[in-house]
6 protein chains.
Amino acid sequence: MFELGIVKRNIVRADRAAADQLARFGASTVHEAMGRVGLMKPYMRPIYAGARISGTAVTVLLHPGDNWMMHVVAEQIQAGDIVVAAITADCTDGYFGDLLATSFQARGARGLIIDAGCRDVKDLTEMGFPVWSKAISSKGTIKATIGSVNIPVVCAGALVNPGDVIVADDDGVVVVPAALAVKTAEAASAREANEGDKRAKLASGVLGLDMYKMREPLEKAGLRYID
Amino acid sequence: MFELGIVKRNIVRADRAAADQLARFGASTVHEAMGRVGLMKPYMRPIYAGARISGTAVTVLLHPGDNWMMHVVAEQIQAGDIVVAAITADCTDGYFGDLLATSFQARGARGLIIDAGCRDVKDLTEMGFPVWSKAISSKGTIKATIGSVNIPVVCAGALVNPGDVIVADDDGVVVVPAALAVKTAEAASAREANEGDKRAKLASGVLGLDMYKMREPLEKAGLRYID
Amino acid sequence: MFELGIVKRNIVRADRAAADQLARFGASTVHEAMGRVGLMKPYMRPIYAGARISGTAVTVLLHPGDNWMMHVVAEQIQAGDIVVAAITADCTDGYFGDLLATSFQARGARGLIIDAGCRDVKDLTEMGFPVWSKAISSKGTIKATIGSVNIPVVCAGALVNPGDVIVADDDGVVVVPAALAVKTAEAASAREANEGDKRAKLASGVLGLDMYKMREPLEKAGLRYID
Amino acid sequence: MFELGIVKRNIVRADRAAADQLARFGASTVHEAMGRVGLMKPYMRPIYAGARISGTAVTVLLHPGDNWMMHVVAEQIQAGDIVVAAITADCTDGYFGDLLATSFQARGARGLIIDAGCRDVKDLTEMGFPVWSKAISSKGTIKATIGSVNIPVVCAGALVNPGDVIVADDDGVVVVPAALAVKTAEAASAREANEGDKRAKLASGVLGLDMYKMREPLEKAGLRYID
Amino acid sequence: MFELGIVKRNIVRADRAAADQLARFGASTVHEAMGRVGLMKPYMRPIYAGARISGTAVTVLLHPGDNWMMHVVAEQIQAGDIVVAAITADCTDGYFGDLLATSFQARGARGLIIDAGCRDVKDLTEMGFPVWSKAISSKGTIKATIGSVNIPVVCAGALVNPGDVIVADDDGVVVVPAALAVKTAEAASAREANEGDKRAKLASGVLGLDMYKMREPLEKAGLRYID
Amino acid sequence: MFELGIVKRNIVRADRAAADQLARFGASTVHEAMGRVGLMKPYMRPIYAGARISGTAVTVLLHPGDNWMMHVVAEQIQAGDIVVAAITADCTDGYFGDLLATSFQARGARGLIIDAGCRDVKDLTEMGFPVWSKAISSKGTIKATIGSVNIPVVCAGALVNPGDVIVADDDGVVVVPAALAVKTAEAASAREANEGDKRAKLASGVLGLDMYKMREPLEKAGLRYID
C-alpha cells in the first residue's frame, strides 16, 4: 500500500449502472445511505456551483508541487471515470488546468477530485469540466518525481480505492466502496422515495415533531416548555 | 443563561416594521448605524450570492453533530422570523437540509443563520431559502441530546437574544438588539440618504480628501508628500 | 522602505501597452511566463467570479482597522491603475465599499487588491468594480492613523513596488515587476500560441505522455506498470 | 448591551469562596459540572504551561489594534479578579505586555483572558502572570478609540458578564455565571470525589465497560464482536 | 471497510521487536526510511514536549462528540499498543482525559493518537501518558452512538490498519504498515549509522555542497554565483 | 528581484554592534522602536521557548518540498548570521533538521527563520539551535530545483533584504533594514530605559490612567463612568 512508482492498469470498477445512477441522489443522500461514512473533508469545494457527478475512481498519488503523474493517470482513464488525486503532503499549488482538462475530457473523465490546488478556473467553467479542490492557485508545478497510479489513496481524509464510486456536488465529495455501490444506490433510492412524502407533509405545515413522533422522547429526555 | 433543556414559547419580538425595514439597508449600513458592534465573524457566508433578509430571531442551542432541537425550534417559528442556531462546540456537520427548510419555510421563516454546516445547497438555492453558515457538508447529524430554544446564544461570536433583529446579506450577518431596532432603522435611513449625495460627488471626481476635509488633519498627523 | 507617513506622487509606471495586454493571458499564464514567482497567497479571492484585469499598481500601506489612507491613495490614481493595499498586521475588517469604489472608478482605477476585508459586495458586483480580498466583512474602519502611499509593500506574501503590473482573475493575483512587463508579455504570448496547438492535440486524444515524450524519462525514474 | 463608551464601576461579583475554590477542580471538571456549556473556543491557549487560576471577571471591550481601554479597566480591578478582554473584530495584535501586567498584578489581578494577541511572553512567564490568548504577537496597539468596561462581552465564543467566575488552565477557559458559582463548586467537588474511586478501579485493570455497565446498552445499540 | 458497529478482537500485530525498536529512530528518520509516505498531517501535536514512542496500533472509529467506543477499545489493548482514534467528521472535543488514560495505561497502552481534542493535559503530563491530538479542549463527549474497533481508519490524513506500527515524537506521527516494520527498522538503522558520519563531518565545517558532491549538478541546473 | 538561480556572495551586512545588541531588547521592543513595521506574521513560532537572538540575514528562496538551496546558503553563512528561508508557495514540509543545523552552527549561524516546516525538534532543542517556523513536520524534501541565495525575499509577510537585522524571540520575528539598525538600537535602548521607570511606578500601584495623563482625553472622547 502507498507503494511509489507503480501504475496499476487493470482495476475492477464498481458496477457501471450503480456508479452512473448515484449522481441522481447527490452527495448528501448517498452519504446518509452509506451510514454517514466516506465523506471527504468539507474544505473540498467545487470550482463552480451546480455540478453534480458520479463515476468510478482512478487514483493518483502525487508529490507536493509535482504533477508529472497527472499525465500518467490520463492514459488509465476510461469513459465514466473520475480522477482522484492525493498528495503526500499539504500543498495548494495549481496542479491542473485547461490543457490537462482537455486531455482528461477527451479520455472520458467526468471530473477531478484533488486534495490540492486547481487553476484556469475560467476555462474549466466554460469547458464544463468540474473540479473539487482545496484551493485555487496560479502556482504551477514541476515534473520531477514519480508517484503512483491506481493504488489506494487518502484524499481529503477519505480512503479511496481504485474502482470505488465517487459522488460529488455542491455539498461535497463522497466515496462509495465498489462492493457497496449497488446496495448504496438501492438505499439512496429508498431514502429519496421516502423523502418525497415527508417533504409534502412538511410543506403543508405538519411539524417534524409530530411526523417523526418526537414529542414523547423529547419529554423523556427532560425538555421543558416555559412561557 | 445557557440553561439546557428549555423551550421558551413567549418571546418579545422587535418592532415588526423596523425588523422588516432593516433588510433594505443591508448588513454593512446597519452595522455602521449600530456603532460597529453586533457583527458575526466573517467566516459566516451565504450558501448563494445575492440574498438580503432581515427578521426577528428565534434561537436554538445545539450540541455538536446533533440536530434534534431543529425540529423543536420549527414549532416556535412565526412569519418573519429568522432562525439563529448556535452550537456548544465547533462543528462543521450539515445540520440543515431541504426537508427542514421546507418545514421552516412553511412556518414563515425567512432564513437560517447557523454556526456550523449546511447541506442540500442545490435544493436550498432552488427553493430560495437562504442560509448563512460556516461550512457546507454532507455529514448528517443524530437526534440524541436536547438543547434549548429561545435562550440567549452566542452565534459566530455575536450575542443573540430571542426577538433581536437579524440582518444578513453578502457582506455578513448583523444582530440588532430588539430595543434598538427602531432607532437603528432611523439611523440607517439617515446614513443612506446621506450616502446618495456623497456617491454623486465622488462619481463626478470630487475626492474624499476634499469632501471630508481631510487634508488639514492629515497634515497635522504628519503626512508628507514627496516627488 | 516601509517608511510611514509618506505619499510618493511621481512613480514610474510599467510600459502601458504591456500592462494592458497582460490581462488577456490571465494570472496563471503570466505566472508561468514569470518563472513561477510573484504570486500572492491563494487566500486572495475575487468578490465575484469572472473578472480579469491587469494594470499598474499604486500602493498603500494601512493600519489594522484604519482606512484613512484609502482617501489619500485615491488622489494618486491614474487611468489604468490598480490599487494594492497592504496592512501592517492581520485584519479582516471591511476597508472598502461602494463609496470608495465610486471614487476609485471615477479616477480610472480598474480594481482593488487588498490583504484584508471588503464590503458592499452586492453594490460592487453591480458596479462591475472587481476586488480581490482575503475576507468579506461589514466591519467598518476608523480614520485615525496615517500610513503611506506608493512605497514598496508586501501584500498577501508578494512584494509590490509602485508601478509594477498586477494581473488578477479567478485564479489569483500575480505581480510583474515593471522592468519585466514587456518581456513577460512576450513570454506569455509565446506560451499561449504554443498552448493552442497542444490543446488541439490533447482534445483529439493524444496523450501528454507522448506529446511531451515522457515515457522514457518516467521509465528511467523507475516507473513500473503492473496488471 | 454592547454599549460603547461606558465604565461600570459597581459590579456584583460571584461568591468569593466559590470563585476561589473553582481553580482546584480545573477547567474540564468545572465544564462538566456546568453541564458542558460556557467553554471558550479551544484556540485560546495559555502562554506558558501549568498555570491554573480562577477568579471573578472584570470585562473590557476593545477595538482592533487599540488597547486604550486596558488602562481604564486596570482601575476597576480588585484582588481576585481576572480581566476578560473581547475585541469588536478579529485581531491578533499584541494588546498586552509586561508593563500592563505589572499594573494588573499590582491591582490584584490573577491573569488575563484576551481574544487577541499578547506579547512580552518571556517577561510574563518570569513574572508568573498567566495569559490565555489566541495569538502571540509583537505588534503593538494605538490608543485612539474608546470601548467599554464591565459590560457583557463575547470572548472567544463565550458570553461573559462582569462578576462571572473564570476558570482557566492548560485545558482552556470556562465561564461560570455568578449565580451558579456556588452550585457549580459543589457539583465539581462531588464529581471529583467520585472520580477518585473510578481512577483506582481503572488503575487496577477494571474496564470502563464493566464499571459503567456498558456491555448491555452497547449490544442493544448493535455492537458485534468478530474474530 | 469503514463498517460501523464492529469490534475485531484478533488482529495481526507487526513484529514486536521491530515495533519496539522504531521509537529509537524517531518519526522523521522512520518517515525517510519509509520513502516519505505514511505521515499524519502536521496539525497533530504532542500535548507535552519530549515524548517518543512506538508501538502497534489498535484503532477506533468514533463519531463527533461521542467517545463511547473509547471504553470498547480499552478492552482490546495489549501491552505495547498505541490507540489510534479517527472521527467520522471534524471535531475538537476533548474525547480523552485522565480516567481513560488510567485505564489505557493499566492495559499496557503506550499512548494515544487522536484526530480530535484531548483534555486533562496537566494530569496526563504528570502521569507520563503521551497524546498526539489536533486540539486541546475541556469539552466533554456523550456516549450515544456506536462506531468500530480495529477496522482500517483514516487518522489525520493517514491510513492506519490495526496492527500497523505507530512512531510518534515531537516531529509528528508516522504509520508503518505491519508488513514493512522489519524492513523499515533495518532501513532506519542504516540511515542512522550513516548520519553519524555525516554529522561529524558537517560539525567540522565540511559543507554539504562538497560532502554530497552537489556543486556540479547545481551548476548544470544553471546556478550562477555573482558578487 | 526574485530572480531564480542566483547566489550573491558579497552582501553588505548591517552594523555588527547594532545587529548583536538588538537581541537584548527583544522582538517587541524593537518592533516598537521601528514604528511598528517589519514584523513577520504571528504564525511564525519558535520550536522551543526562551530563545532570543539577533543577527544579520542571509536569505534563501526555496521551492515547495525542495531544500537543495539550503546547502548552497550554508556556504554563505558568516559568524553572527541568521538564515531566512522563504518559499515560492505555501508548504509545511520539514526542510531543516539536525544535520543541516550541525552545518549551519559550524558556520556560525545563530538560528533559522523559515516560512515552512522544520523537523528533528528534539535534537535541535538539545543542540540549542533555535528555529522559528510555521510548522513542524517529519516530511522531508527533495533536491531537484534551484532557487536563489541572498536576494530580497518575502518571509511570512515581511520583506527581508540580505544583510538586514533579524530579531527573534518568544514574541515573534522582526526585520530591521540594515540602514536603520543603529538608529533602531538607539531608539530601543531609549525605550527600555524609559520602561524601567514606568514599571516601578506601575508596580507601586500608580495607574497608567494617571501616569500617561489619559483621564482628560478619555473624557473628551466621551467615556462615561456609571455605577
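Counting restarts for each chain: residues are numbered from 1 in the order of the written sequence. Written order determines the labels here, with chains lettered from A and ligands numbered from 1. Per-residue local features are limited, in this predicted model, to residues with pLDDT of at least 70; the limit for side-chain atom pairs, both in listing and counting, is 80 or more; totals at the level of whole chains, interfaces and linings are taken over all residues. For the side-chain quantities, the full set of heavy atoms in the structure was used; hydrogens and water were omitted.

Our next topic: the overall build of chain A. Each helix is a run of DSSP H or I of at least 4 residues and each strand a run of E of at least 2, with the numbering of both proceeding from the N terminus. Across its full length, chain A holds 8 helices and 12 strands. By its C-alpha atoms, chain A is 70 × 40 × 35 Å across when sized along the principal axes. Only protein chains enter the accessibility calculation, which uses a 1.4 Å probe. A residue is then buried if its area is under 20% of the maximum for its type, exposed if over 50%, and partly exposed in between. Taking all 227 residues of chain A together, the buried fraction comes to 64%. Taking all contacts inside chain A whose residues are at least 6 apart in sequence as the whole, residues at least 24 apart take part in 76%. The method behind every accessible area is Shrake-Rupley, applied with a 1.4 Å probe, and residues are considered shielded solely by the protein chains displayed. Carbon together with sulfur atoms contributes 51% to the accessible area of chain A, which is approximately 7300 Å² in total. Here chain A contributes 25 positively and 26 negatively charged side chains, and the mean placements of these two sets differ by 2 Å. Residues count as neighbours in contact if any of their non-hydrogen atoms are within 4.5 Å of one another. For the purpose of charge, His is not counted, nor are the chain termini; Lys and Arg are scored as positive and Asp and Glu as negative. Think of each charge as sitting on NZ of Lys, CZ of Arg, CG of Asp or CD of Glu.

Here we take up the environment of D:Asp170. With respect to the helices and strands, D:Asp170 occurs in the loop between strand 10 (165–169) and strand 11 (172–176). Considering only alpha carbons, one finds D:Asp170 and D:Ile47, 123 residues apart in sequence, at a separation of 9.6 Å. When near neighbours in sequence (up to four residues on either side) are disregarded, D:Asp170 contacts D:Arg45, D:Pro46, D:Tyr48, D:Ala49, D:Gly50, D:Ala51, E:Val121, E:Lys122 and E:Ile136. For this analysis, a polar contact is any N or O atom pair within 3.5 Å, provided that within protein one partner can donate a hydrogen and the other can accept it, and provided that sequence-adjacent residues contribute only side-chain to side-chain pairs. Polar contacts involving the side chain of D:Asp170 include one to the main-chain amide nitrogen of D:Gly50, which spans 2.9 Å.

Residue and element names in this part refer to chain F. Among the 7 residues that make up strand 4 (residues 81–87), 7 are buried, leaving the element largely enclosed by the rest of the structure. Note: strand 3 (residues 53–62) against strand 4, 7 bridges, orientation parallel. Of the residues in strand 4, the one forming a bridge with Val60 is Ala85. Tracing the backbone out of strand 3, into helix 3 (residues 68–76) and back to the parallel element strand 4 gives a crossover that is right-handed. As judged from the 3 bridges shared by strand 4 and strand 5 (residues 112–118), these two strands associate in the parallel manner. Across the sheet, residue Val84 finds its bridge partner in strand 5, namely Ile113. With strands facing away from the observer, any crossover in which the path from the first strand over the helix to the second runs clockwise is taken as right-handed. After leaving strand 4, the chain enters helix 4 (residues 98–107) and then returns to the sheet as strand 5, a path that is right-handed. Should DSSP find at least two bridges between two strands, the strands are regarded as paired.

With that settled, the discussion passes to the interface of chain A and chain C. Taken together, the 35 residues of chain A in the interface contact 35 residues of chain C. Buried surface at the junction of chain A and chain C, both sides included, amounts to about 3200 Å², of which 57% is carbon and sulfur. When a carboxyl oxygen of Asp or Glu is within 4 Å of a side-chain nitrogen of Lys or Arg, the pair counts as a salt bridge. Viewed at the interface, chain C and chain A are joined by 4 salt bridges. For A:Arg9, the salt bridge is made with C:Asp227, and the minimal N-O distance between the two is 3.2 Å. Here chain A and chain C share 16 residue pairs in polar contact (both at pLDDT 80 or more) between them. Those elements giving two or more residues to the side of chain A that touches chain C turn out to be strand 1 (6–8), helix 3 (68–76), helix 4 (98–107) and helix 5 (121–127) of chain A. Looking at the side of chain A that touches chain C, the element that brings in the most residues is helix 3 of chain A, giving 7 residues. Put simply, buried area is how much 1.4 Å-probe accessible surface two parts lose in total, over both of them, once they are put together.

This part is about the pairing of strand 10 (residues 165–169) of chain A. Regular strands place their side chains on alternate faces of the sheet. Residue and element names in this part refer to chain A. Across the 5 residues that make up strand 10, a large majority, 5, are buried. Residues of strand 10 alternate between two faces, with Val165, Val167 and Asp169 on one and Ile166 and Ala168 on the opposite face, all of them buried. The sheet contact formed by strand 3 (residues 53–62) and strand 10 spans 4 bridges and is antiparallel. Bridge assignment links Thr56 to a residue of strand 10, and that residue is Val165. Sheet analysis places strand 10 next to strand 11 (residues 172–176), joined by 5 bridges and oriented antiparallel. From the neighbouring strand, Val165 faces strand 11, where its bridge partner is Val176. The antiparallel pairing of strand 10 with strand 11 creates a hairpin that spans 2 residues between the two strands.

Here we take up the pattern of salt bridges. According to the stated counting rule, one finds 103 salt bridges over all chains in the structure shown. Between E:Asp90 and A:Lys41 there is a salt bridge, with the nearest N and O atoms lying 2.6 Å from each other. In this pair, E:Asp90 is assigned in the loop between strand 4 (81–87) and helix 4 (98–107) and A:Lys41 in the loop between helix 2 (26–33) and strand 2 (45–46), connecting two distinct chains. Taking relative accessible area as the criterion, E:Asp90 reaches 24% and is therefore assigned partly exposed. Among the charged side chains, a network of salt bridges with common partners joins A:Glu32, A:Arg36, A:Arg191, A:Glu195, A:Arg199, B:Asp98 and B:Arg119.

Each partner contributes to the interface: chain B provides 16 residues, whereas chain D provides 16 residues. When chain B packs against chain D, close to 1400 Å² is buried across both sides, 64% of that on carbon and sulfur atoms. Linking chain B to chain D there are 2 salt bridges. Inspection of the chain B/chain D interface yields 2 residue pairs in polar contact (both at pLDDT 80 or more). In the side of chain B that touches chain D, the residues fall into 8 nonpolar, 4 polar and 4 charged. Only Asp, Glu, Lys and Arg are considered charged in this grouping, and only Ala, Val, Leu, Ile, Met, Phe, Trp, Tyr, Cys and Pro are considered nonpolar; every other residue, Gly among them, is considered polar.

Residue and element names in this part refer to chain D. Inspection of the secondary structure puts Asp164 in the loop between strand 9 (158–160) and strand 10. Arg13 is the oppositely charged side chain nearest to the buried, salt-bridge-free Asp164, at an N-O distance of 11 Å. At 2.8 Å, the side chain of Asp164 forms a polar contact with the backbone nitrogen of Asn161. The residues touching Asp164, leaving out its near neighbours within four places in the chain, are Gly55, Thr56, Ala57, Leu159, Val175, Val176, Pro177 and Ala178.

Moving on: the relation of the copies chain A and chain C. Aligned on chain C, chain A shows an RMSD of 0.0 Å; the corresponding rotation is 120° and the shift along the axis is 0.0 Å. Given the turn and translation reported, the copies of this chain are related as if by a three-fold rotation axis. Of every C-alpha in chain A, the one belonging to A:Ala49 sits nearest the axis of rotation, 6.4 Å from it. Our superposition of the copies is a least-squares fit, built on the C-alpha atoms of residues whose pLDDT is at least 70 in both.

Another aspect to go through is the relation of the copies chain B and chain D. Superposing chain B onto chain D requires a rotation of 180° together with a translation of 0.0 Å along the rotation axis, leaving an RMSD of 0.0 Å. Classification of the inter-copy transformation places it as that of a two-fold axis. Minimal C-alpha separation from the rotation axis in chain B is found for B:Gly157, amounting to 2.4 Å.

Here we come to helix 6 (residues 181–203) of chain F. For a helix, the expected span equals 1.5 Å multiplied by the residue count minus one. The terminal C-alpha atoms of helix 6 of chain F lie 32 Å apart, and with 23 residues this matches the ideal 33 Å at 1.5 Å per residue to within 8%. Among the residues making up helix 6 of chain F, those that are buried are F:Ala181, F:Thr184, F:Ala185, F:Ala188, F:Glu195 and F:Leu202. In this fold, the buried residues of helix 6 of chain F make contact with helix 4 (98–107) of chain D together with helix 1 (16–21), helix 2 (26–33), strand 10 (165–169), strand 11 (172–176) and helix 7 (208–211) of chain F. Where helix 6 of chain F terminates, the next one or two residues include F:Gly205, which has phi positive at roughly 105°.

The next thing to look at is unusual backbone geometry. Positive phi, close to 60°, is recorded for A:Asn150, a residue that is not glycine. With respect to the helices, strands and loops of the structure, A:Asn150 is situated in the loop between strand 7 (148–149) and strand 8 (153–155).

The criterion for an aromatic pair is that two Phe, Tyr or Trp rings (for Trp, the six-membered ring) have centres within 6.5 Å, with stacked assigned to planes under 30 degrees apart, edge-to-face to planes over 60 apart and tilted to the rest. Within the structure shown, the criterion is met by 12 aromatic pairs over all chains. Taken together, the ring pairs in this structure connect A:Phe96, A:Phe104 and A:Phe129 into an aromatic cluster. Ring-over charges, as used throughout, are those where CZ of Arg or NZ of Lys falls within 6 Å of the ring centre and within 35 degrees of the ring normal. When the ring centre of E:Tyr43 is taken as reference, the NZ or CZ atom of E:Lys134 above it lies at 5.8 Å.

Turning to the arrangement of the chains, a few remarks are in order. Separating chain A from chain D is a minimum C-alpha gap of 14 Å, and the two share no contact. Between chain B and chain F there is no contact, and the shortest C-alpha to C-alpha distance separating them is 14 Å.

Residue and element names in this part refer to chain B. Axis lines are fitted through C-alpha atoms, for helices just across the contact stretch, and the angle between N-to-C directions can take any value from 0 to 180 degrees. Two elements in contact, helix 2 (residues 26–33) and helix 6 (residues 181–203), have axes separated by 8 Å at closest approach and are oriented at 110°. By the angle between their axes, helix 2 is roughly perpendicular relative to helix 6. Between helix 2 and helix 6, the residues in contact are Thr29, Val30, Glu32 and Ala33 and Thr184, Ala187, Ala188 and Arg191, respectively. Residues of the contact of helix 2 with helix 6, tallied by class, amount to 4 nonpolar, 2 polar and 2 charged. Relative orientations are named as follows: roughly parallel for angles under 35 degrees, roughly antiparallel for angles over 145 degrees, roughly perpendicular for angles from 65 to 115 degrees, and oblique for any other angle.

This next bit is on the confidence of the model for chain A. Caution is warranted with low-pLDDT regions, since their predicted coordinates should not be read in detail. Along the chain, pLDDT gives the predictor's confidence residue by residue, from 0 to 100. Mean pLDDT over chain A works out to 95, with 99% of the residues at or above the 70 mark. Quick note on the complex model: pTM equals 0.94, ipTM equals 0.94.

The next subject is the environment of B:Phe104. All names here are of chain B. Tracing the sequence through the fold places Phe104 in helix 4 (residues 98–107). In this structure the C-alpha to C-alpha distance between Phe104 and Lys198, which are 94 residues apart in sequence, comes to 41 Å. Setting aside anything within four residues of it in sequence, one finds Phe104 in contact with Met70, Val73, Ala74, Ile77, Val83, Phe96, Ala109, Leu112 and Phe129.

Our focus in this paragraph is helix 2 (residues 26–33) of chain C. Residues and elements named next belong to chain C. Most of helix 2 sits inside the fold, with 7 of its 8 residues counted as buried. Among the structural elements, strand 10 (165–169), strand 11 (172–176) and helix 6 (181–203) are those in contact with the buried residues of helix 2. Phi turns positive one or two residues past the end of helix 2, at Gly35, with a value near 90°.

Residue and element names in this part refer to chain B. Following the sequence through the fold, Arg13 ends up in the loop between strand 1 (6–8) and helix 1 (16–21). For Arg13 and Gly222, which are 209 residues apart along the polypeptide, the C-alpha to C-alpha distance reads 50 Å. Those residues in contact with Arg13 that sit more than four places away from it in its chain are Thr56, Val58, Gln76, Gln78, Asp81 and Gly163. Polar side-chain contacts of Arg13 include one of 3.3 Å to the backbone oxygen of Gln76.

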